[in-house]
Amino acid sequence: MITLDHVYQLAGITFALFALLGLYDRSNPKRFGNAAFWGLLAVSMILGDYLGDFGNGLLVLALVAIAGAGQIGRAPGGEIPVEVQVERAAKYGNFLLLVALIIPVVALVGTFLFKEVPGLADPKQATLISLALGVLIALAVGMARLKPPGLLPLQQGRRLLDSVGWAAILPQMLASLGAVFALAGVGDVVGGLIGTAIPQGSLFGAVLAFGLGMALFTMVMGNAFAAFPVMLAAVGMPLLIKQHGGDPAVVAAIGMLAGFCGTLMTPMAANFNLVPAALLELKNPYGVIKAQIGTAVPLLAVNILFIYFFAFKL
Amino acid sequence: MLVLIGILIIIAGFLLRFNPLLVIMASALATGLAAGLDVAAIVAAFGKAFNDTRYVSIIWIVLPVIGLLEAYGLQQHARSLIARMKGATLGRLLTGYLLLRQAMSAAGLTSVAGHAQTVRPLVAPMAEAAAEAQNRRLTDDQREEVKAYAAATDNVGLFFGEDIFLAIGSILLMKGVLEGYGYQIEPLNFSLWAIPTAIAAFLIHGLRLRRFDKRMRAGPGGDGQ
């Protein structure tokens, strides 16, 4: 049976190859830093479960040290010239599109297949496993028809990853920081502060504090999942549901979505906001957030009104 | 109160543009120490969480495929497809993607699209080509904005579609937390209450995409429609 462990091993091998190719890229003055960084990530993917918690922690410290010392960088150039791309696009055109669509289509089919037919792959991780299978199939189909030099996909993939740089592990780092925050009880303190800031007896004030608190705390934590239990305990449960008799399903469901509005506005949600800016090679790392604020703010207001009307007035 | 120092470090660090990995580590250490943990325990807690969340970083295995396809002109092809379609305006293209992303996420297919899988190789170049067709003198800043809107549209579509799906993590979390307070609620209830916000998100972001489309047409090179 295919499990998530196999996907981790595939990712580890990919990172290890990126590290190795990077090491031999003499055009990059920071090739040793890059190789060490992607190499450590490969170790984490393949051996993470055997390193122990403290061992994994030391590995993270090493990753942070390499990035913090500015030892990660990309080699100049390496892109295929645009004229060549245009020429090849005219020749291969829709085939490229077809291969690009293999990944989502396999992810889709696999998600259903692995849930319906037990024993093939871990059904709980069906989508991630299918995504990895889609990558392998797309790569095989693409290589068979395009017949590129053998290392081209890895070299181009490495170039893309180098341009993302240390931001590639930012989402994982922030998720880990959330775990430390939870251990230290940060949520309870913030929830307590917001709880004391609400005017007594005002239903709308309490709804407002709950909605804004979800968004603000999500912005701090980068994740609405971390904010939800805290805000529910501080405001949602005692005031909205117990004191004012609000519908718990509405308070929870729309409160979570108010948190998602916060996710659109914070660099802490790196995988949604900072990583795409790096991946699209934007000059402003906050460009995506800037494009989202105009949607997030009015939508947050709408969510607060929805809680007020749907949980109490219907 | 002292444990809030980690939040201050994060905000200050991001504002002063220190390397975010260093800022995160400093914040974790300060928060842990303020809570009375020793350094080894903090490092271990961080390491355990890092190992448990590795699935977040496996998305990068798509890069060799994207690199191969881009080397053979995928982005150029995506552009020429849009250039040949007469009705494919910037606004319509991104609104169509928003609807598609919301619908697929609502069906639980969240990882099918995304920044690495679809936005960089397909949606962003298509949006750029549509914007170019509408405005012959698109500046570099405008080009950046078009790409940023493509990524933003993916996020809005994902966030305000996924909660309609019954088995998504956030719904299971809500169910679990409310059960802890003695409320038994069927997942379907949470799903249904996510629909009004999904519609509002589509209307608000769709309206903004219309205005963005108009803004990209304005100016000397634009077709000003």
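Residues numbered from 1 in each chain as written. Chains lettered and ligands numbered in written order. Predicted model: local features only at pLDDT ≥ 70, side-chain atom pairs only at ≥ 80, totals over all residues.

(A) The arrangement of the overall build of chain B in detail. Helix and strand content of chain B: eleven helices and zero strands. Counting from the amino terminus, helix and strand elements in chain B follow one another as α-α-α-α-α-α-α-α-α-α-α. Along the first, second and third principal axes, the C-alpha set of chain B runs to 65 × 45 × 35 Å. Taking all 225 residues of chain B together, 56% fall into the buried category. Taking the contacts inside chain B whose residues are at least 6 apart along the sequence as the reference set, 74% of them involve residues at least 24 apart. (Helix = DSSP H or I, 4+ residues; strand = E, 2+ residues; numbered from the N terminus. Buried ≥ 20, exposed ≤ 12 C-beta atoms within 10 Å, placed from the backbone. Contact = placed C-beta atoms within 7 Å.)

(B) Main features of the overall build of chain A. Each helix and strand in chain A was counted, giving twelve helices and zero strands. Going residue by residue from the N terminus, the α and β elements of chain A occur as α-α-α-α-α-α-α-α-α-α-α-α. Expressed as lengths along the three principal axes of its C-alpha atoms, the size of chain A is roughly 70 × 45 × 45 Å. Every one of the 314 residues in chain A was classed for burial, and the buried ones make up 53%.

(C) Structural detail: the interface of chain B and chain A. In this complex, chain B contributes 97 residues to the contact, which on the side of chain A involves 116 residues. Its residues assigned to classes, the side of chain B that touches chain A shows 65 nonpolar, 23 polar and nine charged. (Nonpolar A, V, L, I, M, F, W, Y, C, P; charged D, E, K, R; others polar.)

(D) Local environment of the packing of helix α1 (residues 4-23) of chain A against helix α5 (residues 152-164) of chain A. Residue and element names in this part refer to chain A. In contact at an axis separation of 10 Å, α1 and α5 are set at 90 degrees when each is read in the N-to-C sense. Relative to α5, α1 is oriented roughly perpendicular. On α5, the residues touching Leu17, Phe18, Leu21 and Gly22 of α1 are Leu154, Gln155, Arg158 and Leu161. Split into classes, the residues belonging to the contact of α1 with α5 amount to five nonpolar, two polar and one charged. (Axes fitted to C-alpha atoms, helices over the stretch in contact; angles between N-to-C directions. Parallel < 35°, antiparallel > 145°, perpendicular 65-115°, else oblique.)

(E) View of the packing of helix α6 (residues 90-106) of chain B against helix α11 (residues 195-217) of chain B. All names here are of chain B. Remark: α6 packs on α11, axes separated minimally by 8 Å, with the N-to-C direction vectors making an angle of 160 degrees. By the angle class used here, α6 and α11 are roughly antiparallel. Read as a crossing pair, α6 and α11 show a hand that is right-handed. Counting all contacts with α6, which are made through Leu90, Gly91, Leu94, Thr95, Leu98, Leu99 and Gln102, the residues of α11 involved are Ala198, Phe202, His205, Gly206, Leu209, Arg210, Phe212, Asp213 and Met216. Of the residues contributing to the contact of α6 with α11, the split by class is nine nonpolar, five polar and two charged. (Left-handed = near helix turned anticlockwise from the far one by under 90°.)

(F) Seen up close, α1 of chain A. Residue and element names in this part refer to chain A. In this model, α1 (20 residues) spans 28 Å end to end at C-alpha, consistent with the 28 Å of a helix rising 1.5 Å per residue. Taken residue by residue, α1 has Val7, Tyr8, Ala11, Gly12, Thr14, Phe15, Phe18, Ala19 and Gly22 as its buried positions. Looking straight down α1, one finds that the buried residues subtend no more than 165 degrees of arc, so they occupy a single side. (Expected span 1.5 Å × (residues − 1). Arc of directions from axis to C-beta.)

(G) Expanded view of the nonpolar core. Ile103, Met231 and Ala253 of chain A together with Ala127 of chain B are the most contacted members of the largest nonpolar core, which totals 191 residues. Excluding residues within four positions of it along the chain, Ala127 of chain B makes contact with Leu90, Leu93, Leu94, Val146, Tyr149 and Ala150 of chain B. (Core = buried A, V, L, I, M, F, W, Y, C linked by C-beta atoms within 7 Å.)

(H) Seen up close, the environment of Ala45 of chain B. Mapped onto the secondary structure, Ala45 of chain B falls in helix α3 (residues 39-52). Sequence-wise, Ala45 of chain B and Leu22 of chain B are 23 residues apart; in three dimensions their C-alpha atoms are separated by 17 Å. If near-sequence neighbours (up to four positions away) are discounted, Ala45 of chain B is found in contact with Ala179, Val180 and Leu183 of chain A.

(I) Layout of the domain arrangement of chain A. Residues and elements named next belong to chain A. Annotation of chain A at the domain level lists domain 1 (4-168) and domain 2 (185-313). Each of domain 1 and domain 2 has a C-alpha centre, and the two are 34 Å apart. Facing the four residues of domain 1 at the interface are six residues of domain 2. Its residues assigned to classes, the side of domain 1 that touches domain 2 comprises two nonpolar, two polar and no charged. (Domains from an automatic or database assignment.)

(J) Local environment of α3 of chain B. Its 14 residues place the ends of α3 of chain B 20 Å apart at the C-alpha level, agreeing with the 20 Å of an ideal helix rising 1.5 Å per residue. Turning to α3 of chain B, its buried residues number three or more, namely Ile42, Val43, Ala45, Phe46, Gly47, Ala49, Phe50 and Asn51 of chain B. The inward-facing, buried residues of α3 of chain B abut α2 (31-68) and α6 (170-184) of chain A together with α2 (20-34) of chain B.

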